[in-house]
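# Examining the three-dimensional arrangement
Next come the chains, spelled out residue by residue.
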Amino acid sequence: MLETTIAAIRPPDEPAMAAARELQGRLTKPAGSLGALEDLSVRLAGLAGHCPPPLPEPAAVAIFAGDHGVHAQGVTPWPQEVTAQMIGNFLAGGAVVNAFARQAGASVTVVDVGVATALPVAAPGGHAGDRPARDEPRLVAANVRAGTRDLAVTAALTRDEARAAVETGIRVAGELIDAGAGILLTGDMGIGNTTPAAALIAAFAGIDPAETTGRGTGVDDPTYARKVAVVRAALRRHAPDPADPLGVLAAVGGLEHAALAGLILGAAARRTPVLLDGVIAVSAALAAAAFAPHAVAAMVAGHRSAEPGATVALRRLGLEPLIDLGLRLGEGTGALLALPVVTGAVRVLHEVATFDSAGVAEK
């Protein structure tokens, strides 16, 4: 599945992009007056292969959840059980992501790809596409293993486990798109998951972990110093090769990071945009780009996370975030806040009159 998905990812359609640029120049507004929205509309036309591209709706948030063996190194003060408890909160509709999803009219799918502790509700073992109602969060049971191994001691995953998680993300993307989603939004949940995210970004960007490691949930100075040291030692121990993205994910990644990389690849293969959330998402996006460089054409950076590694990753991907509000929650919250911006960029191409059709004189 992974290889066939990668083979299906194609570069953006240049004629469609040229048509979008030309149309932007004929709309009743000064040329370039919509700034980054014009560039975004052109990119989405290239992804879709025609101009105007389809409106990016309905939206579907996919929250991948997993736990991390590196939690044993004291990189976060939060107990690991919070991952499973927050899944219960998502399914009950009580988290920030739920509030923002209701506001945006987006569906919420929670995927247990690697939670280590018992979930507070029974997993139905369903598929992402068979939801009874758009406002009812859905749980998909796809647990590859009960949390990763401790990346400070050994590889976090085997290559087979990393592949299984990536392919879970590909399947979820396909199911959501088949169910009608016009845009996918990345979400994540996993206590300790900013540590593997920092390691992934440092590995793919080839820079020191001090530049990619942040304070996550707001750790104190000793915990932060320990976190940087753990990431640096793990990279020295495993020496992951950025040209081997599956190997990088296996060495220092998380199950939710690998699944998010698969979600991005699956969407890119179906020429469907993916609105990236925070540092977990962009670390996964680096892996997706290493698998298939043209997958970047499907990526839209929703926001700039307060985590320093997010800015490093976005720069590496060549993506500019749509909003910058100092967010560091995850879950998909920043992507949801950016969703109306993406929709607006495309709606302009569908609904704004041209100078000729409106009878407005040009300069």
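Attention in this report is confined to the structure presented alongside it. Starting afresh in each chain, residues are numbered from 1 along the sequence in its written order. A pLDDT threshold of at least 70 governs which residues receive local features in this predicted model, and a stricter bar of 80 or more applies before side-chain atom pairs are shown or counted, although totals over entire chains, interfaces and linings include all residues. Side-chain measures were taken over the full set of non-hydrogen atoms in the model, leaving aside hydrogen atoms and water.

## Here we look at the sheet that holds strand 2 (residues 107–114)
Put simply, the rule reads: For two strands to be treated as a pair, DSSP must find at least two bridges joining them. Strands here mean DSSP runs of E at least two residues long; helices mean DSSP runs of H or I at least four residues long; both are numbered from the N terminus. Throughout, an axis means a line fitted to C-alpha atoms (over the contacting stretch in the case of helices), and angles, computed between N-to-C directions, take values from 0 to 180 degrees. Throughout, a residue-residue contact means that at least one pair of heavy atoms, one from each residue, lies within 4.5 Å.
Read across the open sheet, the 6 strands follow the order 3-2-1-4-5-6; overall the sheet is parallel. Edge strands, defined here as strands with exactly one partner in the open sheet, are strand 3 (138–141) and strand 6 (299–301). The mean angle between the axes of side-by-side strands here comes to 30°, regardless of whether they run parallel or antiparallel. Bridge count for strand 5 (residues 274–276) against strand 6 is 3 bridges, and the pairing is parallel. Across the sheet, leucine 275 pairs through a bridge with valine 300, a residue of strand 6. Here helix 10 (residues 255–269) sits on the sheet and contacts strand 1 (59–66), strand 2, strand 4 (183–189), strand 5 and strand 6; the angle it forms with strand 1, its principal contact strand, is near 150°.

## With respect to the nonpolar core
Rules: By nonpolar core is meant a set of buried Ala, Val, Leu, Ile, Met, Phe, Trp, Tyr and Cys residues that side-chain atoms within 4.5 Å join together. Remark: exposure states derive from per-residue accessible area (1.4 Å probe, protein chains only) relative to the maximum for the residue type, with buried under 20%, exposed over 50%, and partly exposed in between.
With 114 residues, the main nonpolar core has Phe64, Leu184, Leu185, Leu265, Leu275, Leu276 and Met299 as its most contacted residues. Per element, the largest residue contribution to this core is 11 residues, and it comes from helix 11 (residues 279–291). Once residues within four sequence positions are removed from consideration, leucine 275 is found in contact with Ile183, Leu184, Leu185, Thr186, Val300, Ala301, Gly302, Ala335, Ala338, Leu339 and Val342. Leu23, Val42, Ala45 and Val348 belong to the second largest nonpolar core, which has 8 residues in total.

## So, the packing of helix 3 (residues 36–48) against helix 13 (residues 333–351)
We apply this condition: Here is the rule for angles: anything less than 35 degrees is roughly parallel, anything more than 145 is roughly antiparallel, 65 through 115 is roughly perpendicular, and the remaining ranges are oblique. Think of it as three bins: nonpolar holds Ala, Val, Leu, Ile, Met, Phe, Trp, Tyr, Cys and Pro, charged holds Asp, Glu, Lys and Arg, and polar takes everything else, Gly as well.
Between helix 3 and helix 13, the shortest axis-to-axis distance is 9 Å and the interhelical angle comes to 75°. Comparing the axis directions of helix 3 and helix 13 gives the class roughly perpendicular. Contacts from Leu37, Leu40, Ser41 and Leu44 of helix 3 reach helix 13 at Val341, Val342, Ala345, Val346 and Leu349. Grouping the amino acids of the contact of helix 3 with helix 13 by side-chain chemistry returns 8 nonpolar, 1 polar and no charged.

## Topic: helix 11
Threshold: An expected span of 1.5 Å times one less than the residue number is assigned to each helix.
Between its first and last C-alpha atoms helix 11 spans 19 Å; for 13 residues at 1.5 Å apiece the expected length is 18 Å, and the two agree. The buried count for helix 11 comes to 12 of 13 residues, which makes it a mostly enclosed element. Along helix 11, the residues that are buried comprise Val279, Ile280, Ala281, Val282, Ser283, Ala284, Ala285, Leu286, Ala287, Ala288, Ala289 and Phe291.

## What about unusual backbone geometry?
Following cysteine 51, the chain continues into proline 52 via a peptide bond in cis, with omega recorded as -5°. For proline 52, the position within the fold is in the loop between helix 3 and strand 1. The residue after glutamate 57, namely proline 58, is reached through a cis peptide bond having omega -5°. Within the element layout of this structure, proline 58 appears in the loop between helix 3 and strand 1.

## Considering the environment of leucine 249
Inspection of the secondary structure assignment puts leucine 249 in helix 9 (residues 245–252). By relative accessible area, leucine 249 is classed as buried at 0%. Between the alpha carbons of leucine 249 and alanine 197 there is a distance of 9.9 Å; along the sequence they are 52 residues apart. Setting aside residues no more than four positions away along its own chain, leucine 249 makes contact with Leu157, Ala162, Val166, Leu200, His257, Ala258, Ala287 and Phe291.

## Thoughts on the packing of helix 5 (residues 96–104) against helix 13
Keep this limit in mind: We call a crossing left-handed when the near helix sits turned anticlockwise from the far one by less than a right angle, and right-handed when that turn is clockwise.
Taken N-terminus to C-terminus, the directions of helix 5 and helix 13 make an angle of 15°; their axes are 9 Å apart at the nearest point. By the angle between their directions, the pair helix 5 and helix 13 is classed as roughly parallel. Here helix 5 runs over helix 13; the crossing is left-handed. Packed against helix 5, whose contacting residues are Val96, Val97, Phe100, Ala101, Gln103 and Ala104, the element helix 13 presents Thr333, Leu336, Leu337 and Leu339 at the interface. Within the contact of helix 5 with helix 13, the residues separate by chemical class into 8 nonpolar, 2 polar and no charged.

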